[in-house]
Amino acid sequence: MRNTFMLATVLVVIASVAGCKTVQPASQTSTSQPSNRASSAIVAKGAHTFTDNDIQVPAFFNTQGLDNCTFNPANENESCPLRKPIVRMYFSGTDVGGEGLGVDALRKYDDKQLLLMLENQFAGINRFRIITRDDDVIAQEQQTFLEQQGATALATRAVQQRVLQPDFIVKIDTLRTVKNEGSISGWMDYTLELTAATLNPFTRELMSHPNLGKIRVKSEDVRDRNELKYVMANNRHVTGFRYFDSAHVNSVINDMGSRGIDILLTRMLSEMPATAQVLGIRDGQVSLDRGQDAGVLPGETMIIFQYEAGFVEPIGVAHVNPSRNSATGQITRWKQSSTARDVRKKSQNAIYRPAPGTKIFAVSVGTPEKFLDTRT
Amino acid sequence: MRKASLALLLSISCSAIADVSISKQGDIVADVCVYGRGETAVTSALAEGSVEILEFIRGSTLYADSMNQEQLAGNQDTINWLSRLRSMQQEGLFTQSLPVTYSRPRLQGSDTCLQITLARSARMPSRGDEDGADWSQAEQTATVVVTGEGWPDRKNNLSARNAAELDALKRAVSQVVGVWINQQRSQFNSSEFGLFDGQDKENLQEIISQQLHTRSSGMVKEWTLLSSKDLANNGVEVTIQAVVERQQVIGATRDILAAIGSPRVRVQAPDSIKNTLMDWLSSQGIEVDNQANLVLHAEAKLIARENNSRLVLTTIVKDLSGNQYSYWENDSSIIALPNGPDAERNLVDVHLAVPEQAQALKQSLQKGFTNIVSQGGLVHKVIISQHYLASPEKVQALMATIGGASNVVTHANSRAVTVSLRYPDSAGNLAAAVSQSLQPILSTDLPTAQVRSEYEIVFQ
C-alpha cells in the first residue's frame, strides 16, 4: 500500500514537471550595427559568368503586359508599364551649420550644377520623365528661337508644347560635413550623405518606392588623403590643401556628389528593374516586346523566367541589347530544370512561343555590367 | 482548297499582294506589319493594308482568264463581288476610305501587325450620298408660330391678354433673329461675326432681341391668334402665328452687331505695348480714337525670377465714368525670356501671337462691348447751365423719355444740372435728342451743344 502511494506520488511529480516545461524563444532576428562606411556601387554580373545557382528571379519584377498601352508617351494609359512618372528634381539646400576650419568654404557650395548633372543621368536610365530646371538654357533658347523664327512661330510652338506637369518630385537631401584631423600638419575629411525621396508635392506624401536608402561618400573615396593635407603655422594656413577656398572645396565636393549620383543610379536600376515579355525564343535567342522605351539598357543581364498563376520558374540568363521599342538577347546559360529543358528543346530550330495562359518574361538583374564604365 | 486556288490565281496579276488573301468567308484579308508601336503604327498599317487590298482588287482583272469552267462556277459569288469592287474602284468610289475592319494589333519584334479585312458584308459607298440640300431663297418676311404668356401689369396698364400677346410678338422677333444668326454663322462666315467667334448664340440672340424690343416697332407685319388658355394667378397663354418683317429685323440686328462688334476705343497703355496693342485692335476691326468714351486700359508687368522674366498682361474695358465691362489677364506661364531691355516688348509680341491668347483677349473685349449694349449703351454726361432751365427738377423725367436712354440720374448745383445716362448711340445724336426733349422746360433757347468728347456734352 505504501509502495503504491509512493509510486503515485512520483508519477504526480513527474507529470507536474512535464506540464511546466518552459518554451524556448524563437530566434528570428540578429543584432547588427549600422555602418558609417562609404557606400559602393553594385552592378550586375555579366550573363556569361552566371552559374546555375545564380539564375534566380530578382525582386521588383513587373509582369504587366502592354495590352493597355497607347504607345504615346504624352498620353500613356495609367495601367501601362511603359508609363513613366513625370518628375522634377530638387537638391534640397541643406545648410552647413557651425563654425570651424573649412566650414565657410563648404557652406558656399552651390549644388545647381550637380542638380543638372543628376537630371541628365536620371533621364538616361529612362525610369522617369524628367522636367529640367535649367531655366536659363530654356529661356536663352526661346530667345534665340524668337530672333530666328519670329514671334508667331515661337508662340505656336510654346502653346503646342506646354511644360509637362510633374506627377512627383524627386528630392535629394544632402548632408555635408567636414572635420579636420591633426593640428600643425593635418588633413580635411569631408563626408557627403545623400538620401533620395519621391514625393507628391500636393498631398505631401513621401512614396515608399523606390527606396534608395542612404548613400555616404567620403572625401577619401575621390581624393588621396595627401591631396587634402595642409600645414598650419601660427594658426595660419602655410601650404597644402586650400580648405578655405571654395573653388578647391567645390572640386572635392563635386567629385563626391558625382560618385554619389553614380551609386544612386545603380540603386535605382536595382529598385526599378526593366521587365519585358518574351515574344519568342529560337536557338537561345530571345525576342522581347519592349526595349529602350521600357528602360532596357545596352548589355543588360536579364533573367528569363516563366510566370504562371503567380509562380515563377527561372529558365535562364540572357545578355540583352535593346532597340527602340523591342529587344533581343542571347541566353548564355539555361537553368538546370525540366521547364528550361522543355523550352530549350522546343526552341531548337523553331520559334517557341509560350502557350496561352503561360507567359515568359525577362527581368534585368540591376545595373548592366559595363554601365559605370561607359555611362559615368 | 478554294481559298488556296483563288489566292494563287489572284496572285498571278500582282506580285505586291503576297500578304493579301481571301478568307473562307470570302472576305479580303491583308496581313500587314509596320515598324513601330501605338496609334501611329496602327494607322500606318491600316493605310498600307488598305492600299494592298486596293491593289489586290485592281490586280484581280486576270482571274477569269486563268480559271477553268469548274473553278469559275465554284467561285462565282466571289468573282462577282470582286468584279463589283473593281468597277467601284474604277469609278473612284474608294478615294476616301475603304470600309475595312482590323484585328487587335499584335507585336512582332519592333513591328506592329494587323489583319485588315474588307468584309463581303461591308457597306460600300454609293453615288446617292451626293444629293445636296435644297436651299431656299431669302424672303422678305418669315412666318412663325410662337407662344406667349402674360399676367396683368397695372404699372404699364396692360391686361394679361395684352401682356401675353406682347410676349409672343417679342418671341416671334427673337426666333427670327436666332434663325438668322444661325444661318450667318453656319453658311456665310459673315464678317459681322468676326468678333463673336465662340460667343454663346443664345446669349447674343437674347441681347439683340432685347435691344430690338426697346428700339423698334413694326417688326411684325401681321399676326393671327391661334389659341388661348388661362394660366394660374390670372395669367393667359396665347399662341399666335406672326409674319415678321425679316429684312427689317436683319437690318436692325446688323446695326446692333456693328455697335457691339466695332466700337471706338481709347487705348491707355504703357509705350512698350501701346503700338502693338493698337495694331492688334486695328486688325480686329476695332477703331482707336483718343476721344472715345470707351477705354481699353492695358498694363504689362514683368515678373523676374533669377535671370528670366515672364509677362503679366492685363486689359480692362471701361468707360470714362469708371464703369468696368470686362477684364482679361494673359496666361503668363506660356513663356519666359532672359531679362534684358527688349524682354517686355518681345514677350508682348509672343503673347499676342498666341492664337488662344488673342482669342481670349478678343472674347473679353467682345464680352465688354456686349455688356455695354445689354446695359443700354455707354454712360454719357450732359451738363446744362441752370440759366437755360425754367424747371430744373423736370430734367430727369424729360431725359428719361429720350428713345433708348436709360439709367438717368441728375445732380444739380447752383450753376448747372449734370445728367448721367446710358445711351446706345453717338454723343452727337444724344445732344440733338437732349435739345429736343428739354424744349418744354427751357427759359431761353439752348445754345449749340459742345460735344467735348464722346462722353461729355455741355450746354453753357
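Remember, it's a predicted structure, so these values are computed and weren't measured experimentally.

Q: Got a minute to help me understand the overall build of chain A in this structure?
A: When you go through chain A residue by residue, the secondary structure sums to 9 helices and 14 strands. Counting every position in chain A, which comprises 376 residues, the buried fraction comes to 39%. Taking as baseline every contact in chain A between residues at least 6 positions apart, the subset at least 24 positions apart corresponds to 69%.

Q: Hey, could you run me through the overall build of chain B in this one?
A: What chain B contains, in helices and strands, is 13 helices and 19 strands. In chain B, buried positions account for 45% of the 460 residues. Of the roughly 23800 Å² of accessible surface on chain B, 46% is carried by carbon and sulfur atoms.

Q: Is there a simple way to explain the interface of chain B and chain A in this structure?
A: The parts lose accessible area when they come together, and the size of an interface is often stated as this lost area. Listed per partner, the contact involves 27 residues of chain B and 27 residues of chain A. Each partner contributes to the roughly 2100 Å² buried at the junction of chain B and chain A, and carbon and sulfur atoms together form 54% of this total. The largest share of the area that chain B buries against chain A comes from R37, L107 and P338 of chain B, three residues that together contribute 22% of it. Applying the counting criterion to the chain B and chain A interface returns 1 salt bridge. On the surface where chain B and chain A come into contact, there are 9 residue pairs in polar contact (both at pLDDT 80 or more). Of all the secondary-structure elements, those providing two or more residues to the side of chain B that touches chain A are α2 (38-59), β4 (106-108), β14 (337-338) and α10 (343-353) of chain B. Counting residues per element, the side of chain B that touches chain A draws most heavily on α10 of chain B, at 4 residues. For the side of chain B that touches chain A, the class distribution of residues is 10 nonpolar, 9 polar and 8 charged.

Q: How should the packing of aromatic side chains be read in this particular structure?
A: To describe a pair of aromatic rings, one takes the distance between the centres and the angle between the planes. Residues and elements named next belong to chain A. The final tally for this structure, using the stated rule, is 7 aromatic pairs over all chains. Pairing Y190 with F241 gives two aromatic rings, centres 6.3 Å apart and planes at 75°, and the pair type is edge-to-face. Of the two residues, Y190 sits in strand β4 (residues 185-200) while F241 sits in the loop between β8 (236-240) and α7 (246-271), which places them 51 residues apart along the sequence. The pair Y190 / F241 is uniform in exposure class, with both members buried. Clustering of aromatic rings is evident, with ring pairs tying together F61, F305, Y307 and F361.

Q: Looking at this structure, I do not really get the sheet that holds strand β7 (residues 220-231) of chain B. What am I missing?
A: Sheet strands associate in pairs through backbone hydrogen bonding, adopting either a parallel or an antiparallel arrangement. Residues and elements named next belong to chain B. Reading across from one edge, β6-β8-β7 is the order of the 3 strands in this open sheet, with antiparallel pairing throughout. The sheet terminates laterally at β6 (141-150) and β7, the two strands that pair on one side only. Neighbour-to-neighbour, the strand axes of this sheet turn through a mean angle of 15°, independent of strand direction. Inspection of the sheet shows β7 paired to strand β8 (residues 235-245) by 10 bridges, in the antiparallel sense. Looking across to β8, one finds that L231 is bridged to G235.

Q: Help me understand the state of the cysteines, please; the structure alone is not making it clear to me.
A: By definition, a disulfide links the sulfur atoms of two cysteine residues through a covalent bond. One pass over the full model with this rule turns up 2 disulfides over all chains. A sulfur-sulfur separation of 2.0 Å characterises the disulfide bridge that pairs C69 of chain A with C80 of chain A. When the S-S torsion is 90°, as for the bridge of C69 of chain A with C80 of chain A, the disulfide is right-handed. Note that C69 of chain A is positioned in the loop between α1 (2-19) and β1 (86-92) and C80 of chain A in the loop between α1 and β1, a separation of 11 residues in sequence. The same class applies to C69 of chain A and to C80 of chain A, which are both buried. Two residues share a disulfide in this structure: C33 of chain B and C113 of chain B, whose sulfurs sit 2.0 Å from each other.

Q: Can you help me understand α7 of chain A in this one?
A: Side chains that are three or four residues apart share a direction in an α-helix, a result of its 3.6 residues per turn. Helix length check: α7 of chain A, at 26 residues, gives a terminal C-alpha distance of 36 Å against a target of 38 Å (1.5 Å per residue), a fit within 8%. Put simply, D245 of chain A is the residue that caps the front of α7 of chain A, since its side-chain oxygen is 3.1 Å from the backbone nitrogen of A247 of chain A.

Q: Which parts of the structure should I look at to understand the confidence of the model for chain A?
A: It should be kept in mind that the predicted coordinates are not to be read in detail where pLDDT is low. Per-residue confidence for chain A gives a mean pLDDT of 86, with 92% of residues at or over 70. Here α1 of chain A stands out as the least confident element of chain A, with mean pLDDT 56; strand β13 (residues 327-334) of chain A is the most confident, with 96.

Q: Honestly, the nonpolar core in this entry has me stumped. Any pointers?
A: Considering soluble globular proteins, one finds that nonpolar side chains tend to be buried as a cluster. With 42 residues, the main nonpolar core has L118, F122, I172, Y190, F241 and L264 of chain A as its most contacted residues. For this core, the elements supplying multiple residues, two or more each, are β1, α2 (103-107), α3 (112-125), β3 (168-182), β4, β6 (214-218), β7 (229-233) and α7 of chain A. Here the element with the most residues in this core is α7 of chain A; it accounts for 10 residues. The residues contacting Y190 of chain A, other than those within four sequence positions of it, are L106, T177, V178, V217, K218, S219, F241, Y243, V249, V252, I253 and M256 of chain A. One finds I273, A300, L337 and Y455 of chain B within the second-largest nonpolar core, a separate group that totals 39 residues.

Q: How should the sheet that holds strand β17 (residues 416-423) of chain B be read in this particular structure?
A: Residue and element names in this part refer to chain B. As summarised here, the arrangement of the 5 strands in space is β16-β17-β15-β19-β18, forming an open sheet in which the pairing is mixed. Every other strand in the sheet has two partners, leaving β16 (406-412) and β18 (450-451) as the edge strands with one partner each. Taken strand by strand, helix α13 (residues 427-437) contacts β15 (378-385), β17, β18 and β19 (456-459), and its axis lies near 35° from that of β19.

Q: Would you explain the pairing of β13 of chain A in this entry?
A: For a regular strand, the rule is simple: side chains alternate between the two faces of the sheet. Residue and element names in this part refer to chain A. Where strand β10 (residues 285-288) and β13 come together, 4 bridges link them in antiparallel fashion. The partner of V286 across the bridge, within β13, is G329. Bridge count for strand β12 (residues 311-322) against β13 is 7 bridges, and the pairing is antiparallel. Bridging from a neighbouring strand, N321 pairs with T328 of β13. Remark: 4 residues form the turn of the hairpin made by β12 and β13, two consecutive strands paired antiparallel.

Q: Whenever I open this one, unusual backbone geometry confuses me. Can you help?
A: Phi is mostly negative for residues that are not glycine, and the peptide bonds are mostly trans. Residue and element names in this part refer to chain A. Between H209 and P210 the backbone carries a cis peptide bond, its omega angle lying at -5°. Tracing the backbone through its elements, the reader meets P210 in the loop between β5 (205-206) and β6. Within the chain, R204 stands out as a residue other than glycine whose phi angle is a positive 65°. Here R204 falls in the exposed class, since its relative accessible area comes to 73%.

Q: How should I be thinking about the pattern of salt bridges in this particular structure?
A: Between side chains of opposite charge, a pair can form when the charged atoms approach closely. Residue and element names in this part refer to chain A. Evaluation of the coordinates by the stated rule reveals 19 salt bridges over all chains. The salt bridge involving R107 is made with D104; its shortest N-O contact spans 3.0 Å. Placement of both R107 and D104 in helix α2 is noted, with a separation of 3 residues, approximately one turn of the helix. Judged by relative accessible area, D104 falls into the partly exposed class, the value being 45%. Its salt-bridge partner being R223, residue D255 comes within 2.4 Å of it at the nearest N-O pair. Of this pair, D255 sits in helix α7 while R223 sits in the loop between α6 (219-222) and β7, and the two are 32 residues apart along the sequence. In this structure R223 comes out as buried when scored by relative accessible area, which is 16%.

Q: How should helix α11 (residues 355-374) of chain B be read in this particular structure?
A: Residues and elements named next belong to chain B. When the terminal C-alpha atoms of α11 are compared, their 28 Å separation across 20 residues agrees well with the 28 Å that a helix rising 1.5 Å per residue should span. Among all positions in α11, only Q357, A358, L361, K362, S364, L365, Q366, G368, F369, T370, I372 and V373 are buried. G376 sits one or two positions beyond α11 and adopts a positive phi of about 100°.

Q: What is the right way to read the packing of helix α5 (residues 151-160) of chain A against α10 of chain B from this model?
A: To describe two helices that pack against each other, one gives the angle between their axes and the distance between the axes. Close contact between α5 of chain A and α10 of chain B brings their axes to 8 Å; oriented N to C, the two are set at 60°. In terms of axis orientation, α5 of chain A runs oblique to α10 of chain B. You can see that α5 of chain A and α10 of chain B cross each other, and the crossing is right-handed. Where α5 of chain A abuts α10 of chain B, its residues A151, T152, L154 and A155 of chain A lie against D349, V350 and A353 of chain B.

The rules behind the values
- Residues numbered from 1 in each chain as written.
- Chains lettered and ligands numbered in written order.
- Predicted model: local features only at pLDDT ≥ 70, side-chain atom pairs only at ≥ 80, totals over all residues.
- Heavy atoms only, no water.
- Helix = DSSP H or I, 4+ residues; strand = E, 2+ residues; numbered from the N terminus.
- Buried < 20%, exposed > 50% of the residue type's maximum accessible area, 1.4 Å probe, protein only.
- Contact = heavy atoms within 4.5 Å.
- Areas by Shrake-Rupley, 256 points an atom, 1.4 Å probe, with all protein chains shown as cover.
- Buried area = accessible area lost by both parts, 1.4 Å probe.
- Salt bridge = Lys/Arg side-chain N within 4 Å of Asp/Glu carboxyl O.
- Polar contact = N/O pair within 3.5 Å; in protein donor to acceptor, adjacent residues only side chain to side chain.
- Nonpolar A, V, L, I, M, F, W, Y, C, P; charged D, E, K, R; others polar.
- Phe/Tyr/Trp six-rings, centres within 6.5 Å; stacked < 30°, edge-to-face > 60°.
- Pairing = 2+ DSSP bridges.
- Axes fitted to C-alpha atoms, helices over the stretch in contact; angles between N-to-C directions.
- Disulfide = S-S within 2.5 Å.
- Expected span 1.5 Å × (residues − 1).
- pLDDT = per-residue confidence, 0-100.
- Core = buried A, V, L, I, M, F, W, Y, C linked by side-chain atoms within 4.5 Å.
- Parallel < 35°, antiparallel > 145°, perpendicular 65-115°, else oblique.
- Left-handed = near helix turned anticlockwise from the far one by under 90°.

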